[in-house]
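Now for the letters of each chain:
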Amino acid sequence: MSIVRRSQQWGTFARMWHVFDATWQDPYQSSQIIAKYLLGRHKPISHPMNRCGDHVVVINSSEIALRGDEWQMRVYFHHDTYHGGASWTKAWELHKKDPTMIMKKAVYRALGNNLTRHQAYARLHVFLDDKIPLEIQQNLSSQIKQLRPVPQRLDQISPEELENFPQIVKLPETYVLT
Amino acid sequence: MVFQTVALMTRARGPDEFWRKRRIFRLSSHFRGRFRNCYSMAIRAVHRSLQFATKGRDAKYDIIRQIWMNRIDSAAMEHGLTYKAVKEGLTRSEIHLNHKSLADLAVWEPRTFKSLVNIAHERVKQDGLRIMGYLKAPARVLSKGK
């Protein structure tokens, strides 16, 4: 095999490292996309017997957003095999205990139940904020597009911009904005 | 089973019991435990496995078709279109390539596939379909409208 062909082979099957910013993203919807990258389903060469899955680094997992009342209503079940050992943890409690756990469990479920799950799950790296170890940071070469844009909060807008924003009515001096 | 002649209608037990059983054992050689070597168990397991094989011949093509569709989709996503948009655009442009050909082009001839995606995109855009992706207008595509 010539050097050109060999490097072509390396380039085709090399594992890429993608970063996904979980800020204000639904973990259950984004896990479907992340699972696709972990299993290599985003490549034209993908095949169940072909090991072409990539690494995905999820950052800001503490900033995830759940839909509706899911923080209260979604429940994680655990049983420690003893009598009366069943326990139900609500999503907000689990998130308080470990801010990466909801994202990890969502991806674990999205990977599907077969023998490739274990290896694909090992390629997932979840971090609660944007502080990544340098050896992982050096590998990153691609970013996965977020499902929806992150909205801008009012306290993040500068006071000059707020001052210059066009107003429909001129409020009286005594009017107190809450 | 179809018996075409009277001779075949009789129970053809074969020349020799040993070789008759060898035919079955060859099919059961990869089975587990005594299903491999004990004839009365092996014959049952072989009949069962042949039934599965008959069903699997059809089911195999469903799986292969899924793989083809996934490959076309992932290759199209690299250029900003979905599988659905590419297929619709190509059908409207009367390019009737099947799943196998498109998947092969996606893997082995990515530039050919890209030009097909460009044609599909242009057609989908002309017809004003909402399944269009966020691809920019492709250059050097000759279509009827222009």
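All values reported here derive from a predicted model rather than from experimental measurement. (Residues numbered from 1 in each chain as written. Chains lettered and ligands numbered in written order. Predicted model: local features only at pLDDT ≥ 70, side-chain atom pairs only at ≥ 80, totals over all residues. Heavy atoms only, no water.)

1. Focus: the overall build of chain A
Scanning chain A from N- to C-terminus turns up eight helices and six strands. Listed N to C, the secondary structure of chain A is α-β-α-β-α-β-β-α-α-α-β-α-β-α in terms of helices and strands. Taken against the 2.2 N^0.38 rule, which gives 16 Å for 178 residues, the C-alpha radius of gyration of chain A at 22 Å runs more than 25% over that of a compact globule. A principal-axis box enclosing the C-alpha atoms of chain A has dimensions of 80 × 60 × 30 Å. (Helix = DSSP H or I, 4+ residues; strand = E, 2+ residues; numbered from the N terminus. Rg over C-alpha atoms; globule rule 2.2 N^0.38 Å.)

2. Focus on the packing of helix α5 (residues 99-108) of chain B against helix α6 (residues 110-126) of chain B
Residue and element names in this part refer to chain B. The contact between α5 and α6 brings their axes to 6 Å, and the two run at 125°. Taken as axis vectors, α5 and α6 run oblique relative to one another. For the pair α5 and α6, the contacting residues are L102, L105, A106, V107 and W108 in the first and P110, T112, F113 and L116 in the second. Split by residue class, the contact of α5 with α6 holds eight nonpolar, one polar and no charged. (Axes fitted to C-alpha atoms, helices over the stretch in contact; angles between N-to-C directions. Parallel < 35°, antiparallel > 145°, perpendicular 65-115°, else oblique. Contact = heavy atoms within 4.5 Å. Nonpolar A, V, L, I, M, F, W, Y, C, P; charged D, E, K, R; others polar.)

3. Describing the interface of chain B and chain A
Opposite the nine residues of chain B that make contact, chain A presents nine residues. Across the interface of chain B and chain A, roughly 740 Å² is buried in total on both sides, 53% from carbon and sulfur atoms. Here chain B is connected to chain A by zero salt bridges. Scanning the region where chain B abuts chain A turns up five residue pairs in polar contact (both at pLDDT 80 or more). Mapped onto the side of chain B that touches chain A, the elements with two or more residues apiece are α3 (39-78) and α5 of chain B. Residue composition of the side of chain B that touches chain A, by class: five nonpolar, two polar and two charged. (Buried area = accessible area lost by both parts, 1.4 Å probe. Salt bridge = Lys/Arg side-chain N within 4 Å of Asp/Glu carboxyl O. Polar contact = N/O pair within 3.5 Å; in protein donor to acceptor, adjacent residues only side chain to side chain.)

4. Some words on helix α2 (residues 17-27) of chain B
All names here are of chain B. Turning to α2, its buried residues number three or more, namely R20, I24 and F25. Taken around the axis of α2, the buried residues stretch over an arc of 140°, which confines them to a single face. Exposed and facing more than 90 degrees away from the buried side of α2 are W19, R23 and R26. Each element contacted by the buried residues of α2 is listed here: α3. (Buried < 20%, exposed > 50% of the residue type's maximum accessible area, 1.4 Å probe, protein only. Arc of directions from axis to C-beta.)

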